[in-house]
Amino acid sequence: MFGRLGRMKIWTKDEEEIIKEHYPVMDTKLLALRLNVSMRQLHTKAYHLGIKKEANSPYCRRRVEEQFRNITSLDSIDDDEVKSVIVGSLLGDANIHPFDTGNTYLEEWHAKRQLFYLQWKAKILEPLGTKVSIYHQHRWGRPYQKQLYTTASLPLFATLRRELYSFTRGGEKTNYISLIERLDPMSLAVWIMDDGSYQPGGKGSLYINTDSMPYDQKKFAIKEIEKKFGLYPTSADLRIRFPPKEMPKLRSVVEPYFLEKLKYKLYGSKQKFFIDKEFSFDAAHYIDEYPGACCFGHGHLWRLHVTIRGEKDEDTGMVMDFKQLSEIVNKKIINKLDHKLINEVAEELSSYSTAENILIWIWNNLKEELPDQCELYELRLYESPTSFAVYRGGN
């Protein structure tokens with residue numbers, strides 16, 4: 001067995017013990033990430049150790065497929081939570097992925113910051129053999145993490161796929177009627193957590209994105225919401241709108257099922273604060289092919305302003321401790337630039353170490369280092385007291 005870099009994988013005793021303990025009951029993808037090996041290596045090692053998935057493990061999908069092989073409709077499922085999450089998710093972000101064998105499985109992707117939400121859904125759908133997988137990719141030259149949950153391949157989802165999808169329109173969801181008819185408070189909450197957004201204008205309204213839903217089915221959804229919940233939303237272009245006067249009642253219907261971290265979709269975000277800290281460093285640079293003195297090596301006393309945006313932590317009363325911000329910026333930026341020739345710090349600065357390019361390099365080195373509740377908002381770099389550049393990211 002060869003590792004990802006082409007070298008033979010030598011298993012330690014500790015790694016073998018981890019496999020013996022966790023392989024029978026743990027998601028294989030997550031265990032492989034923990035051990036920094038491929039899934040094939042992990043499966044092969046488990047086979048040589050004589051270890052199999054436990055029959056009662058949610059990751060033993062053959063057991064799940066056997067258990068659910070005769071369940072072909074949502075009405076056949078006894079667990080109301082499972083049904084509600086399936087309905088709300090299919091109205092929202094989830095999709096049914098086909099297998100060549102005829103059966104299909106439910107899947108849903110989310111970005112890194114929504115992992116907690118994905119795990120909540122996967123826990124409820126655990127009887128369907130649900131597992132969470134994490135993928136690390138690069139987008140626009142930047143590291144990016146996304147994750148998905150998938151269920152076992154079941155006849156239930158083959159039935160739902162035939163009901164919901166149009167195979168003359170590239171396999172898109174086009175028929176939502178059967179899902180709308182099954183709306184209950186929990187599935188409405190899941191739909192809003194997936195596709196809802198709060199607009200603070202006026203007294204605040206909530207919108208559900210329905211851009212893929214045909215207009216007549218959106219009108220049907222509005223009528224069903226009126227009939228089932230006594231709510232009176234309106235149609236707003238490609239969305240369903242709950243006006244301010246409907247918000248108190250909507251909250252009373254769905255809030256019991258809402259995750260705490262997603263309640264901003266019902267109430268709007270907390271107040272945002274900006275904090276700014278100034279740093280300084282001495283460094284030299286030159287700019288190739290510049291038609292003037294800057295093409296020769298010269299130095300500046302640079303001043304860097306780092307601005308962070310975020311919500312105030314109710315426990316600490318702070319967005320971020322200035323001491324923590326100083327430690328991050330000094331470690332990732334200042335220590336690398338101070339009393340250095342900037343052109344030699346990074347390849348992208350080797351020829352054109354302008355203030356603008358230096359800011360891009362600083363941004364890319366800082367943005368992933370901040371706590372979850374904070375985001376890098378602005379960088380301001382002074383070459384002199386009267387000359388500076390400002391950068392607010394790729395957007």
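Residues numbered from 1 in each chain as written. Predicted model: local features only at pLDDT ≥ 70, side-chain atom pairs only at ≥ 80, totals over all residues. Heavy atoms only, no water.

As a further point, take the overall build of the protein chain. The number of helices and strands found in the protein chain is 14 helices and 15 strands. The buried share of the protein chain, reckoned over its 395 residues, is 46%. A separation of at least 24 residues holds for 64% of the contacts in the protein chain among residues at least 6 apart in sequence. (Helix = DSSP H or I, 4+ residues; strand = E, 2+ residues; numbered from the N terminus. Buried < 20%, exposed > 50% of the residue type's maximum accessible area, 1.4 Å probe, protein only. Contact = heavy atoms within 4.5 Å.)

For the structure on display, the rule yields 16 salt bridges. A salt bridge links Lys83 to Asp80; the shortest N-O distance between them is 3.7 Å. Residue Lys83 and its partner Asp80 are both found in helix H5 (residues 80-91); the two are separated by 3 residues, about one turn of the helix. Its relative accessible area of 52% is what places Asp80 among the exposed residues. One salt bridge in this structure joins Arg380 and Glu378, with 3.6 Å as the shortest N-O distance. The exposure class of Glu378 is buried, given its relative accessible area of 9%. Connected through salt bridges with shared partners, the residues Glu108, Lys121 and Asp194 form a single ionic network. (Salt bridge = Lys/Arg side-chain N within 4 Å of Asp/Glu carboxyl O.)

With that settled, consider the sheet that holds strand S9 (residues 234-236). Taken in spatial order, the 4 strands of this open sheet run S7-S8-S10-S9, and their pairing is antiparallel. What marks the edges here is a single partner per strand, and that holds for strand S7 (196-199) and S9. Direction aside, neighbouring strands of the sheet carry axes that sit 35 degrees apart on average. Strand contacts of helix H9 (residues 185-195): S7, strand S8 (205-209) and strand S10 (239-242), with the helix running at about 85 degrees to S8, the strand carrying the most contacts. Helix H11 (residues 247-254) contacts S7, S8 and S10 of the sheet and is inclined by roughly 60 degrees relative to S8. (Pairing = 2+ DSSP bridges. Axes fitted to C-alpha atoms, helices over the stretch in contact; angles between N-to-C directions.)

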